[in-house]
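# Summary of structural features
Below are the chains, spelled out letter by letter.
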Amino acid sequence: ADVAMYVAKQRNLGVFPYDPSLDTHSPERLSLLGDLRRALHDDELFLQYQPKVSLSTGEVCGAEALLRWAHPDRGLVPPDAFVPLAENTGLIGPLTRRVLDLALAQVRRWAEQGRPLQISVNLSARNLLDDRLDTTVAGLLAEHGVAPQLLKLEVTESAIMADPARAAELLRRLHARGIAIAIDDFGAGYTSLGQLKNLPVSELKVDRSFVTTMQSDSSDSLIVRSVIELSHNLGLSAVAEGVEDAETLDSLTAYSCDVAQGYHLSRPMAADAFDAWRAAWPGL
Ligand code: C2E
Ligand code: CA
Ligand code: CA
Ligand code: CA
């Protein structure tokens, strides 16, 4: 079966995408796993970049790195189809390292072109259980000659909840090195406000499930506004992802949301397309 097609189909049906890692005996999983080991070895993994736009200045203020796998037979495999597999098989360490390596090489190029930009990189739950992650990240920053302030790590609420004390400790060490931390998919999990206070975060990303429907669903709109207000009360920046139309962008601006990200601004793009898009960006 073509995993990419399958997942796309499931998505259109609004069903949660097929997760091969949950089916331990499936031949599909074994084949994909073998392929993933090879993909890490060869050059099949690459990043796309999606711009983040400041709603106060209208400028591009960052980019999120999103992992892609160009499989020789299956075509483009989406991250939802293989990141969970990597998580459950010990490949997530090397995978995240590869993502950071690719992302920081790109940040270095942007800086050399005189157009520095902060990159956001996604971490998995398992990465937060790796006590050496801060040393690994620091090593990669040094290797690429990139200032830690140009890197932001996105962690989901649920990843923190796996072991909140341990996650907080690791995040504090990363933060102490100057690396920024964002909480991804905020509102969809169960981070208690008390916990939030103890985490060294600078950004809350409102879960896109609320943003995409905020124009039609008043309770989703209320949640978005609450998260923005909470962010500001805590001195954090509020980011809305999944902004798909101009009306949503206008509402978010009216609600004093700080940053927007979504298809209405741009889909994730390969580096060359991103650079061209950014050069042509007229501002909001
Ligand atoms: P995420 O971190 O929440 O990333 C945002 C996802 O929303 C991306 O899907 C992005 O393409 C999509 N998106 C952006 N704007 C819009 C919009 O306006 N509407 C809609 N409907 N979707 C939008 P993508 O690239 O398929 O990534 C899915 C998930 O896979 C990510 O969710 C993240 O959890 C995971 N992922 C992606 N790259 C990495 C990575 O390098 N490492 C790890 N650990 N996970 C990753
Ligand atoms: Ca993210
Ligand atoms: Ca997200
Ligand atoms: Ca997600």
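As a reminder, the structure under discussion sits directly above these lines.
Residues numbered from 1 in each chain as written. Chains lettered and ligands numbered in written order. Predicted model: local features only at pLDDT ≥ 70, side-chain atom pairs only at ≥ 80, totals over all residues. Heavy atoms only, no water.

## Some words on the site of ligand 1
Taken together, 22 residues are adjacent to ligand 1, and Arg68, Ser124, Arg208, Glu244 and Tyr263 come closest. Measuring from an oxygen atom of ligand 1, one finds a side-chain N or O atom of Asp80 at 3.5 Å. Bound to the protein, ligand 1 loses 88% of the 810 Å² it would expose on its own. Taken together, the elements giving at least two residues each to the shell around ligand 1 come down to β2 (60–71), α3 (79–87) and β6 (180–186). When residues in the shell around ligand 1 are grouped by element, the largest group, four residues, is from β2. (Near = heavy atom within 4 Å. Polar contact = N/O pair within 3.5 Å; in protein donor to acceptor, adjacent residues only side chain to side chain. Areas by Shrake-Rupley, 256 points an atom, 1.4 Å probe, with all protein chains shown as cover. Helix = DSSP H or I, 4+ residues; strand = E, 2+ residues; numbered from the N terminus.)

## Here we look at the nonpolar core
In this structure, Ile119, Leu151 and Leu252 are the most contacted members of the largest nonpolar core, which totals 77 residues. Top contributing element to this core by residue count: helix α4 (residues 92–112), with eight residues. What Leu151 contacts, discounting residues up to four positions off in sequence, is Leu100, Leu104, Gln118, Ile119, Val121, Val137, Leu141, Ile179 and Ala180. (Core = buried A, V, L, I, M, F, W, Y, C linked by side-chain atoms within 4.5 Å. Buried < 20%, exposed > 50% of the residue type's maximum accessible area, 1.4 Å probe, protein only. Contact = heavy atoms within 4.5 Å.)

## Considerations on the state of the cysteines
Here the structure, examined in full by the defined rule, presents zero disulfides. Left unpaired, Cys61 is separated from the closest cysteine sulfur, that of Cys257, by 10 Å. What makes Cys257 buried here is its relative accessible area of 4%. (Disulfide = S-S within 2.5 Å.)

## Examining the coordination of the calcium ion (ligand 2)
Bound to the calcium ion (ligand 2) on the protein side are Glu64 (OE), Asn122 (OD1), Glu154 (OE) and Asp184 (OD), at distances that span 2.1 to 2.3 Å. Counting the intervening residues between successive donors of the calcium ion (ligand 2) yields the motif E-x57-N-x31-E-x29-D. In this model, the calcium ion (ligand 2) sits 4.0 Å from the calcium ion (ligand 3), the two metals being bridged by Asp184. Here Asn122, found in strand β4 (residues 119–122), pairs with Glu154, found in strand β5 (residues 151–156); they are 32 residues apart in sequence, far enough to count as distant. The partly exposed category is assigned to Asn122, whose relative accessible area is 28%. (Donors = N, O, S within 2.8 Å, 3.2 Å for Na, K, Ca; no water.)

## Observations concerning the environment of Ala86
Secondary-structure assignment places Ala86 in helix α3. A relative accessible area of 0% means that Ala86 is categorised as buried. Once the C-alpha coordinates of Ala86 and Leu47 are considered, the two residues, 39 residues apart in sequence, prove to be 17 Å apart. Non-local contacts of Ala86, meaning those with residues more than four positions away in its chain, are made with Leu36, Leu91, Ile92 and Leu95.

## Digging into the side chain of Asp35
Topologically, Asp35 is positioned in helix α2 (residues 27–41). The buried category is assigned to Asp35, whose relative accessible area is 15%. Excluding residues that lie within four positions of it along the chain, Asp35 makes contacts with Trp69, His71 and Arg74.

## Looking at the environment of Asn88
Considering the arrangement of structural elements, one finds Asn88 in the loop between α3 and α4. Sequence separation between Asn88 and Arg126 is 38 residues, and the spatial gap between their C-alpha atoms is 8.7 Å.

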